[in-house]
Amino acid sequence: MDGDPGVEPEVDAFSLVLPLPFRVGIILVLGVWAWALNLHYLHLVKIDVPALIRYPHRASQYHVSHHHSTYRLATFLTVPLVVSLLLFWAITRGDRATVLGWQRIPQLYLIFLVLSFAVPLHRLSKGGRSRFVQTLRRISIGGIAEAQDGKFGDILLADALTSYAKVLGDWFVSTCMMFSATTSSTAKPNRGCGGAYIVPIIISIPSIIRLRQCLIEYSRVRRNPTASSGWGGQHLANALKYSTAFPVIFLSALQRGYDPTTFHVTEAGLFRLWLVAVFVNSFYSFYWDVAKDWDLTLFSSALERNDPEHPYGLRRHRYFHSNNMYYVAIGVDLCLRCTWSFKLSPHLDHFNDLEGGIFLMEFLEVWRRWMWIFFRVETEWVRTSRGPAPDDILLGEFGKIDED
């Protein structure tokens, strides 16, 4: 880097081994592996994910399956990541000055990652990458396809982006630090880079996308109401869920830049407001995951929870073989929903000496989203093949589902 060695930025212990750009790359690549595993297991339990997201079927049984194609892409992204990481370690050997001077290696990998989806390589899941980019382009402004054009795929991707909110923020921080004349992207992360509110705004973008999608769905229902769709209040309730992330994010930003001369509330009072926002966001999101995204009866009436046609708190039609999978998923989702709400907070950079812990929390959120997708896709398959649940807030009341 170009700065005076006497005033070079600090490098925390974790960044000496795994700088911020590499951490961003690892989390993104893990997401591709996670999607491949989703496709693979759901295929084994006879759930047709391509049909749900309106992805074209293979023209021949001899073509590579969707999950194998995704595994191939994940491998293609992983090999250069491992090579660049090993090269970085071989060159820097944990030396602070060398780590600061070799930011180009992890940054080149992030450029490679972007080009891997942008460049049309015909032998590397071209159709899947092209579909991903098209969907990302549509949802990036909060757009959402009609049901027959792949609306469910748009929802899955947009929801996944909410789990990558902090990773997107870190990607911006990494890029900002790379272009800074006084620091390096391999230094201790400066999450105030670019201004106090830039990173919180970036972290908010995925929730804004889902909020707008819900409002679009509401407007569609209002324009063309049906007996099954109701008046659209379910979409407003869903939009409200995403809006609860904004107080968490921006109260955190206010805490980080707290100035007693400009705020009319004490720092302790601001922290209490933030805790209330965290509580609302965490438990509202948890409730929605279980009751609405997964159609489980845990929060339903006692009669529905204890229905003898299904285990306690679950639902009648299930594709996963073990009931314990559902109970474990509920418990994990509760724990990690709470953890992730804290993770959204930019003011956690008080704990920069715990960068490894922050990275672990990002990894756990990707894992939670991977788990969530299994049950969300299974729920959509049940709705498609057997009709919605009697109290389905997304699809309206269709009456009680008949048994086989």
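The structure displayed is predicted, hence computed values, not measured ones.

Caption draft 1: Seen up close, the pattern of salt bridges. According to the stated counting rule, one finds 20 salt bridges in the structure shown. Residue lysine 151 pairs with glutamate 217 through a salt bridge whose shortest N-O separation is 2.9 Å. One end of the pair, lysine 151, is in helix H8 (residues 151-163); the other, glutamate 217, is in helix H10 (residues 198-223), and 66 residues separate them in sequence. Residue glutamate 380 is joined to arginine 383 by a salt bridge in which the shortest nitrogen-to-oxygen separation is 3.5 Å. Of this pair, glutamate 380 and arginine 383 are both found in helix H16 (residues 355-386), three residues apart, which corresponds to roughly one turn of the helix. As far as burial versus exposure is concerned, glutamate 380 and arginine 383 are alike and both buried. What you see here is one network of salt bridges that share partners, running through Arg23, Lys166, Asp170, Arg191 and Glu355.

Caption draft 2: Layout of the state of the cysteines. The tally for this structure, following the rule as stated, stands at one disulfide. The structure places no disulfide on cysteine 335, whose sulfur is separated from the nearest cysteine sulfur, that of cysteine 338, by 7.2 Å.

Caption draft 3: Broad picture of the environment of tryptophan 231. Here tryptophan 231 lies in the loop between H10 and helix H11 (233-243). Separated by twelve residues in sequence, tryptophan 231 and serine 219 place their C-alpha atoms 9.8 Å apart. Residues contacting tryptophan 231, with those up to four places away along its chain left out, are Tyr218, Val221, Arg222 and Leu236.

Caption draft 4: Molecular detail of the UniProt feature "transmembrane region" (unreviewed entry) in the protein. The positions UniProt marks with the feature "transmembrane region" (unreviewed entry) are residues 20-37, 73-92 and 104-121. Summarising residues 73-92: 100% helix, 0% strand, and an end-to-end C-alpha distance of 29 Å.

Caption draft 5: Local environment of the side chain of histidine 67. Inspection of the secondary structure assignment puts histidine 67 in helix H4 (residues 66-92). For histidine 67, a relative accessible area of 5% puts it in the buried group.

Caption draft 6: Looking closely at the packing of aromatic side chains. For the structure on display, the rule yields 18 aromatic pairs. Taking 5.2 Å as the distance between ring centres and 45° as the angle between the ring planes, the aromatic pair formed by tryptophan 294 and phenylalanine 375 counts as tilted. Highlighted residues: tryptophan 294 in the loop between helix H13 (267-293) and helix H14 (302-305) and phenylalanine 375 in helix H16, separated in sequence by 81 residues. In this structure, tryptophan 294 and phenylalanine 375 share a single accessibility class: buried. Ring geometry for tryptophan 370 against phenylalanine 374: centres 5.1 Å apart, planes inclined by 75°, an arrangement best described as edge-to-face. Residue tryptophan 370 and its partner phenylalanine 374 are both found in helix H16; the two are separated by four residues, about one turn of the helix. Residue classification places tryptophan 370 among the partly exposed residues on the basis of a relative accessible area of 22%. Feature note: the residues Tyr41, Trp294, Phe320, Tyr326, Trp370, Phe374 and Phe375 constitute an aromatic cluster, connected by ring pairs.

Caption draft 7: Examining the nonpolar core more closely. The biggest cluster of nonpolar side chains holds 36 residues, and the ones touching the most others in it are Phe22 and Leu77. When residues of this core are traced back to their parent elements, those giving at least two are helix H2 (20-44), H4, helix H5 (96-101), helix H6 (104-118), helix H9 (165-178), H10 and H16. Here the element with the most residues in this core is H2; it accounts for eight residues. Ranked by size, the runner-up nonpolar core spans 28 residues in total, among them Leu39, Ile330, Leu336 and Met371.

How each quantity is defined
- Every chain is numbered on its own, with residues counted from 1 as its sequence reads.
- Totals for whole chains, interfaces and linings use all residues, but because this is a predicted model, local features are given only for residues with pLDDT of at least 70 and pairs of side-chain atoms are given and counted only at 80 or more.
- Just so you know, side-chain values use all the structure's heavy atoms and leave hydrogens and water out.
- In what follows, salt bridge is the name for a side-chain nitrogen of Lys or Arg lying within 4 Å of a carboxyl oxygen of Asp or Glu.
- What counts as a helix is a DSSP run of H or I of at least four residues, what counts as a strand is a run of E of at least two, and both are numbered from the N terminus.
- Note on exposure labels: buried denotes an accessible area under 20% of the residue type's maximum, exposed denotes more than 50%, and partly exposed covers the range between, all computed with a 1.4 Å probe on protein chains only.
- By definition, disulfides here are pairs of cysteine sulfur atoms that lie within 2.5 Å.
- Residues are treated as being in contact if the distance between any of their heavy atoms lies within 4.5 Å.
- UniProt positions are given in the numbering used here, feature names are shortened, and annotations may be inferred rather than shown by experiment.
- Pairing of aromatic rings covers Phe, Tyr and the six-membered ring of Trp, with a centre-to-centre limit of 6.5 Å; geometry is then stacked below 30 degrees between planes, edge-to-face above 60, and tilted otherwise.
- To define a nonpolar core, start from buried Ala, Val, Leu, Ile, Met, Phe, Trp, Tyr and Cys residues and group those joined through side-chain atoms within 4.5 Å.

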